[in-house]
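Structure at a glance
Each chain is listed here by its residues.
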Amino acid sequence: MHKSFSLDLLEVGEQATIRQLDSSELPSKFYEMGLLPGAVVKIKHKAPFNGPIGLQISSSNTLIAIRKSEALHIFVEK
Amino acid sequence: MKNPIIAFLGNPNVGKTSLFNRITKLHQHVGNYPGITVEKREGSVKANGKTYRIIDLPGTYTLFPTSMDEEIVYNVLADKKNPAHPDLVVVVAEPNNIKRSIVLYQQARELGVPAIFVVNMIDEVNAKGMDIDYQKLEAYLHTKVYTTDARNGKGIAQLIRAFDERPGYSPGKFEVGNAYKAALEEAKKAFPLHTEYQTWQFIAQENISFLTKEQQQTLAGIREKHQLSSNALQQAEAIERNIKIEEDLKAIILQKDNHHLHRTNKIDKVLLHPIWGYVIFFFLLFLVFQLVFILSEPIMDWIDENFSALIDYTAGVLPEGPLSDLLTQGVLAGIGGIIIFVPQIAILFLLISLMEETGYMSRVVFLMDRWLRPYGLNGKSVIPLMSGVGCAVPAIMAARNIENTKERLVTMLVTPFMTCSARLPIYVVLISLVIPNETFLGFGLQGLALNILYILGVVAALLSAAILNKIIKNQHKSFLIFELPSYKTPDWRNVGMNMWEKTSGFLFQAGKIILAMAIILWVLGNFGPNDKFSNAEEYVQQANPALSEEELNEEVASFRLEHSFLGYMGMGIEPLVRPLGYDWKMGIGLISSFAAREVFVGTMATVYSLGEEIDPDDDEERETLLSRMRSEINRNTGQPSYNLASGISLLLFYAFAMQCMSTIAIMKRETGSWKWTLIQTVMMTGIAYIVAFIAYQLLK
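Calculation notes
- Residues numbered from 1 in each chain as written.
- Chains lettered and ligands numbered in written order.
- Predicted model: local features only at pLDDT ≥ 70, side-chain atom pairs only at ≥ 80, totals over all residues.
- UniProt positions renumbered as here; feature names shortened; annotations may be inferred.
- Helix = DSSP H or I, 4+ residues; strand = E, 2+ residues; numbered from the N terminus.
- Rg over C-alpha atoms; globule rule 2.2 N^0.38 Å.
- Buried ≥ 20, exposed ≤ 12 C-beta atoms within 10 Å, placed from the backbone.
- Domains from an automatic or database assignment.
- Axes fitted to C-alpha atoms, helices over the stretch in contact; angles between N-to-C directions.
- Left-handed = near helix turned anticlockwise from the far one by under 90°.
- Contact = placed C-beta atoms within 7 Å.
- Nonpolar A, V, L, I, M, F, W, Y, C, P; charged D, E, K, R; others polar.
- Pairing = 2+ DSSP bridges.
- Parallel < 35°, antiparallel > 145°, perpendicular 65-115°, else oblique.
- Core = buried A, V, L, I, M, F, W, Y, C linked by C-beta atoms within 7 Å.

- As recorded in an unreviewed UniProt entry, chain B goes by Ferrous iron transport protein B and comes from Sphingobacterium chuzhouense.
- Database annotation for chain B, UniProt heading Sequence similarities (unreviewed entry): "Belongs to the TRAFAC class TrmE-Era-EngA-EngB-Septin-like GTPase superfamily. FeoB GTPase (TC 9.A.8) family."
- Checking UniProt for chain B, the heading Function (unreviewed entry) contains the comment "Probable transporter of a GTP-driven Fe(2+) uptake system."

- By the naming in an unreviewed UniProt entry, chain A is Ferrous iron transport protein A, taken from Sphingobacterium chuzhouense.

Here it is, written out as structure tokens:
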């Protein structure tokens, strides 16, 4: 079994599956916009100096941007 | 019979507003929801033998609110007593995000609101690599599914014919998890008349504004007893619904490859590039300002000329007297002062709505968020702040793009610190008065001073944002999640509508207040409490019998102003402005520039009796004014009125003070409250006073 780590550690171009979200830290809007356990995400863009992260959600083919501070609470597995 | 209300509900970027514009055409207006400031876009359409009221609800991903806009949506749909509560909801979806739209649709139906489902942008289904089995989808949603393309009008007629459908309550797909059943049963007893899902929403949300205090307490009690947090409930619902939809839709929608996203990803490689992305953004920004200034200049000159001509003509036609003066110098000059801003506002909003329509605006947020976050602002604050260099009025209006209520408020509060174009003529006059025309390290001191004033504006905006960020409470948790929509060619209908809405909003709403203030100032400057004002000629002639006619007229105008209400007000505030190094004449300048900063130069010209008409761009006229101002002695200190200390103090005062009734008017309109408008005025003028005071006391 692979070890899960937080989403912000992924590099641009890498893909991973969301395993868990720290639900006490994130509002339900994250779930509603498709960041759900089991969703496959691919990092598309990273703004410089710890700026926002742009990711593509494979199941719905949409691009979503979140802050790095929120990506810390999303755990993924490659 | 009451006209049926049809509400459009959907995610952002699904073409909901295009659809709304298509259906209502020009029969629409923007108002406010009762008691709050979120804009309500409403229109009407005559069809099927009746008139429908159409409401374009703010775009939302869910019925659980995280912003003020989303709170409106929930209140309108869930509260049957809300005046905007619809008879039918039209849920608008886009093929790509259809799952999210289905969630929204199910939520609405389960609340007990009749709703139909529309798939918009139907022409893109193939390009997006999808195959939808509509029959199965209709069976799944228990409703007829309509397809439209708002850009070319496909399917619109069929949709309008469906406005009389009222699909009833649907028991729904959402099953409350076992962990929450006990709490739900308890809440159902407290709300026997509501649907089960409505009751669930009651437990899963805090602060539902349309419930009574007792009802809210009951709900809080239930949450506490069962140790539930509303956030956890909302997440449970999102997960449960999404798993189910994912499973159910496998048989209904076939998703292949998305060609649109390929193109979008390619463009984003450049526009979101860590270096080129910023280069392009700043170039675009530069271009926007150039266009706003270059394109609007000839129109503004034209308006200016024609208004002057109109004023001269009116003055010539009407018999001389106070009525003619009020009409020309008060009313017409006031209207002219409003209309002169229209070209800049229209062009700025044309360019901004183009950026929005194409999808570029979300990229700006992506690029800039990191740099503005430390100040409690949001990536989207860039547009208002940069526009503030032109004029704060359109800039404050541009803050509407910011969803988070607090970030939007902070942005609006600090935007007027940016050095707007109206400050420039004052800076030019004052700098040439008090800053020596010498060079320092090869830079002209005067130019350097001007640069510093611009930088001061930015610094003041950011610093005060950082402070306000600490003071103002956030009603909603601060987070950022937004969609980067695929790039599209703009829908010109939306661009046009948007431009018209913003411009007419300024013209008619803010215009009323500006006009009123202009008239008040005119009255104060043109009437006096005693005969020194009404018989000014005699007094002046007695004091200086040897004056030529031209000199006499100038002296009379100056004597009049001194003894007008405005003049007495200037002397009245003298004790207040003396610590800043000003005399009563400068006090008059300050009071009259409350109407608009640019009035300062004209008022100074009158006070120093040069006649009303002075063009600060005309070198010769400006020199005359400058030499008069240089030789002016402050009767309190015996020193020149405009020395380095008082000059710097005045410059700083103008840099920070709120002296623009157009801005005040637009703040009142945009925030919907006098409270924040007053706080802003007091904050800015207070900072101006303190800074000017310190500068004068240190330099004198």
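From this point, things continue past the structure.
1. Quick notes on the overall build of chain A
- Scanning chain A from terminus to terminus reveals two helices and six strands.
- The helix and strand sequence of chain A, counted from the amino end, reads β-β-α-β-β-β-α-β.
- For chain A, the C-alpha radius of gyration of 11 Å lies close to 12 Å, the compact-globule estimate for 78 residues.
- Each of the three principal axes of chain A carries a C-alpha extent, and together these read 30 × 30 × 25 Å.
- By residue count, 50% of the 78 residues in chain A fall in the buried class.

2. Here we look at the domain arrangement of chain B
- As far as domains go, chain B holds domain 1 (1-257) and domain 2 (532-699).
- Relative placement of domain 1 of chain B and domain 2 of chain B: their C-alpha centres are 57 Å apart.

3. Description of the packing of helix H30 (residues 661-671) of chain B against helix H31 (residues 674-699) of chain B
Residues and elements named next belong to chain B.
- Where H30 contacts H31, the axes come no closer than 8 Å and their chain directions differ by 145°. Like other packed secondary-structure pairs, H30 and H31 cross with a definite hand, here right-handed. Two secondary-structure elements touch here, H30 through Ile664, Met667, Lys668 and Thr671 and H31 through Trp674, Trp676, Thr677, Gln680 and Thr681.
- Along the lines of polarity and charge, the residues of the contact of H30 with H31 split into four nonpolar, four polar and one charged.

4. Quick notes on the interface of chain A and chain B
- Residue-level contacts link 28 residues of chain A with 32 residues of chain B.
- Examined bridge by bridge, strand E5 (residues 62-66) of chain A and strand E12 (residues 481-483) of chain B share three bridges and lie antiparallel to one another. From the neighbouring strand, Ile66 of chain A faces E12 of chain B, where its bridge partner is Ile481 of chain B.

5. Description of unusual backbone geometry
Residues and elements named next belong to chain B.
- Of note, the phi angle at Asn48 is positive, near 50°, even though the residue is not glycine.
- Among the structural elements, Asn48 can be located in the loop between strand E3 (39-47) and strand E4 (50-56).
- For Asn48, a count of 13 C-beta atoms within 10 Å puts it in the partly exposed group.
- Phi at His142 is positive, roughly 55°, even though this residue is not glycine.
- Relative to the helices and strands, His142 resides in the loop between helix H4 (134-141) and strand E8 (145-147).

6. What about the packing of helix H18 (residues 423-434) of chain B against helix H19 (residues 445-471) of chain B?
All names here are of chain B.
- The geometry of H18 relative to H19 is characterised by a closest axis approach of 10 Å and an angle of 135° between their N-to-C directions. Between H18 and H19, the angle falls in the class oblique. Both H18 and H19 take part in a crossing whose hand is right-handed. Contact residues: Tyr427, Ile431 and Ser432 in H18; Gln446, Ala449, Leu450 and Leu453 in H19.
- Its residues assigned to classes, the contact of H18 with H19 shows five nonpolar, two polar and no charged.

7. Section: the nonpolar core
- Core analysis: the biggest nonpolar cluster contains 127 residues, and Leu35 of chain A together with Val393, Ile396, Leu652, Phe653, Phe656 and Ala688 of chain B have the highest contact counts within it.
- With eight residues, helix H29 (residues 644-656) of chain B is the largest single contributor of residues to this core.
- When neighbours within four sequence positions are excluded, Leu35 of chain A is seen to be in contact with Ile18, Leu21, Phe30 and Ile74 of chain A.
- By size, the runner-up hydrophobic cluster in this structure holds 56 residues, among which are Ile102, Val119, Ala150 and Phe163 of chain B.

8. Quick notes on the UniProt feature "domain: Ferrous iron transporter FeoA-like" (unreviewed entry) in chain A
- Here, UniProt's "domain: Ferrous iron transporter FeoA-like" (unreviewed entry) annotation points to residues 5-78 of chain A.
- Along residues 5-78 of chain A, the helical share is 12% and the strand share 41%, with 9 Å between the first and last C-alpha atoms.

9. Regarding the UniProt feature "transmembrane region" (unreviewed entry) in chain B
Residue and element names in this part refer to chain B.
- Feature annotation in UniProt assigns "transmembrane region" (unreviewed entry) to the following positions: residues 275-295, 331-355, 375-397, 409-435, 447-468, 506-525, 644-666 and 678-699.
- Annotated as residues 409-435, this span is 67% helix and 0% strand, and its ends, taken at the C-alpha atoms, are 37 Å apart.
- Along residues 644-666, the helical share is 83% and the strand share 0%, with 35 Å between the first and last C-alpha atoms.

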